[in-house]
Every structure is written in structure tokens, then in C-alpha cells.
Amino acid sequence: MPIMEISVCACMYRQIMNREEITKLVSALRNAGHAVTVIPDLCKTTISDSEQMAAIASTTVVACYPRAVRSLFNSLGLKPEQVFDIRNHSCEQILGEMGVLIPDFTALDDICNSSLIGEIYNATSSPANEQEAWNPVIDKERCTECAKCHDFCLFGVYSVDHGTVKVKQPQNCKNNCPACARVCPSNAIIFPKYEKSPVNGGLHNEEKLDETDTKVIYNIALKYKLEERRAKVSLFK
């Protein structure tokens, strides 16, 4: 079997992926001779280091929901080679899908290797006082460019350029706020770190607002933005 280059996201800020499963996976893959890099947080890397994301795109990526991961790369005009979901699948399932022989983990020395455990621990431990990477991405296969997210957002996260909606200022997004995803009529807005699908990129409707509730939220935001605009205009009079 040819040597694979594999990037594993540890989801540093929320630890959505199980540390033990990540440790087992990295250990097994390295033991099989594959080159594995542990990425602390793909969401953070997306908004901070496009060159590193380009390098990661040339590898096999192990992270969370494939729809969310592909949308992260697509926001930079990139396409990953292959994506596996360790958020919802076990280490054994991922190895099987990759065609890698599943080892006897009780006999695998690397699983108890303190340097590997330390590497995974450091990758999944967020630095103190560092802003969490909570940012939306757009699934362009679903997006209809209706711009409701742009109209709704109060913080300037989105822009509309020649009819195309973009996440322009991801750092402006308010932590734990997925409201724009809830008003998107095509479920195209993804927050990978959110708990429930489809907001987190999953394919099941674990959370779905009533259409009336969605319209109320949308109208409240528009009213607020209109009042804010009027207030700014009055300052210049």
C-alpha cells in the first residue's frame, strides 16, 4: 500500500473529536508507515493561514462532517483529496475505510508512547485567552445567493460581491451564535463546531425551526439594522 499523507484535525477549542480515538488513529497510521500531521484546528487555520490550508488540501483529511470540511476548503478555492469523519466514526471505521489494517491496539507500543499522547494533548488544548475560531462557512452546492444571511447579520460577517455571497469578516462573528444559519432557507450556512445538524454540516435535521419562528427572527434583525442605519443618518444631519 502506498504511503499516504494524512492531516488529522484535533478541534482544539471544543474537542468535538474524542482524544482517545484520535490518539489510536494517529498511532495506527504511523505504525503502518503513513505520514500523519495533527492540525490543532482546521477552522482556525482557514481564517489565519491559507498557505497551510493549501498544503493540507493535498493530503487526506480526517476531521468532522465532510460537508463542513469541504466547505472550509472551498472558501479558499481549495479541494481536499479525501475527507474522513472521525467526529461520528470510530478509529476502526476510519482505518477500514482507508484500507489500513486494523492493529491489535493492546499490543501497539505507540499507543502508550508519552510523546504521542503529549502531542495530541497539546493539539487539543486551546491557549489561554485566545479567541475561539467560531466562524461560518457557506456550502456553495446548496447556496442560492439569496443574501438573507447578509441582510440578517448585524456584525458585518457577510458581503455580497456581484451577486455572490461571501464570508468577508469571519472574526466579527459572535461566539456560539448560529442564528444566520437558522434563517438560511437552503441550510447552506455551516458552523462546524455547533452541536446539532444540519447547522454543523451534518445531513440530518436534529434541529429545525418552525418557518414562522425563522421569519420572526429575520424580521427582528432587519428592523434592528434599519433603526441602526437611521440613527447613523441622524448623526450627520
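These figures come from a predicted structure and were not determined experimentally.

A. Geometry of the packing of aromatic side chains. In this structure the tally under the stated criterion is 1 aromatic pair. With centroids separated by 5.1 Å and ring planes inclined at 20°, the aromatic side chains of Trp-134 and Phe-191 adopt a geometry described as stacked. Linking Trp-134 in the loop between helix H6 (114-123) and strand E5 (137-138) with Phe-191 in the loop between strand E8 (189-190) and helix H9 (211-235), this pair joins segments that are 57 residues apart in sequence. The same class applies to Trp-134 as to Phe-191, namely buried.

B. Representation of the pairing of strand E2 (residues 35-39) in the model. Of the pairings in the sheet, the one linking strand E1 (residues 5-9) to E2 comprises 5 bridges and is parallel in character. Its bridge partner being in E2, Ser-7 is matched across the sheet by Thr-37. Following the chain from E1 across helix H1 (residues 19-31) to the adjacent parallel E2, one finds a crossover that is right-handed.

C. How the structure looks around the pairing of E1. The buried count for E1 comes to 4 of 5 residues, which makes it a mostly enclosed element. In this structure, E1 lies alongside strand E3 (residues 60-63), joined through 3 bridges in parallel fashion. Looking across to E3, one finds that Ser-7 is bridged to Val-61.

D. Just the side chain of Arg-67, in detail. Its location among the elements puts Arg-67 in helix H4 (residues 66-74). At a separation of 3.4 Å, a polar atom in the side chain of Arg-67 contacts the main-chain carbonyl oxygen of Asn-187. Not counting the four nearest positions on each side in its chain, Arg-67 is found in contact with Asp-139, Arg-142, Asn-187, Ile-190, Pro-198, Gly-201, Gly-202 and Leu-203.

E. Summary view of the environment of Glu-207. Along the chain, the position of Glu-207 falls in the loop between E8 and H9. Counting along the chain gives 11 residues from Glu-207 to Lys-196, while the straight-line C-alpha distance between them is 6.3 Å. Excluding anything up to four places from it in sequence, Glu-207 contacts Arg-182, Tyr-194, Lys-196, Ser-197, Pro-198 and Val-199.

F. Representation of the side chain of Asn-200 in the model. Mapped onto the elements, Asn-200 comes out in the loop between E8 and H9. There is a polar contact of 3.0 Å between the side chain of Asn-200 and the backbone nitrogen of Gly-202. Once you skip the residues sitting within four places of it in the chain, Asn-200 turns out to touch Tyr-65, Ala-68, Arg-87, Ile-190, Phe-191, Pro-192, Tyr-194 and Glu-195.

G. Layout of the layout of surface pockets. Here the second largest pocket is characterised by a volume of approximately 300 Å³. If you trace the second largest pocket, you find 16 residues lining it, with Ser-75, Leu-76, Val-137, Lys-166 and Val-167 closest to the centre. Mapped by element, the contributors of at least two residues to the lining of the second largest pocket are helix H2 (42-48), H4, E5 and strand E7 (164-167). Here the lining of the second largest pocket gets 4 residues from one element, more than from any other, and that element is E7. Taken together, the residues that form the lining of the second largest pocket break down as 8 nonpolar, 6 polar and 2 charged.

H. Expanded view of the environment of Lys-196. Relative to the elements of secondary structure, Lys-196 occurs in the loop between E8 and H9. By relative accessible area, which is 40% here, Lys-196 ends up partly exposed. Sequence-distant contacts of Lys-196, that is, excluding residues within four places in its chain, are made with Glu-206 and Glu-207.

Parameters and conventions
Residues numbered from 1 in each chain as written. Predicted model: local features only at pLDDT ≥ 70, side-chain atom pairs only at ≥ 80, totals over all residues. Heavy atoms only, no water. Phe/Tyr/Trp six-rings, centres within 6.5 Å; stacked < 30°, edge-to-face > 60°. Helix = DSSP H or I, 4+ residues; strand = E, 2+ residues; numbered from the N terminus. Buried < 20%, exposed > 50% of the residue type's maximum accessible area, 1.4 Å probe, protein only. Pairing = 2+ DSSP bridges. Right-handed = clockwise from strand over helix to strand, strands pointing away. Polar contact = N/O pair within 3.5 Å; in protein donor to acceptor, adjacent residues only side chain to side chain. Contact = heavy atoms within 4.5 Å. 1 Å grid on protein atoms, 1.4 Å probe; cavity = no way out; pocket = protein on both sides within 12 Å on 5 of 7 lines; lining within 4 Å. Points joined across faces, edges and corners; volume = space filled by probe spheres on them. Nonpolar A, V, L, I, M, F, W, Y, C, P; charged D, E, K, R; others polar.

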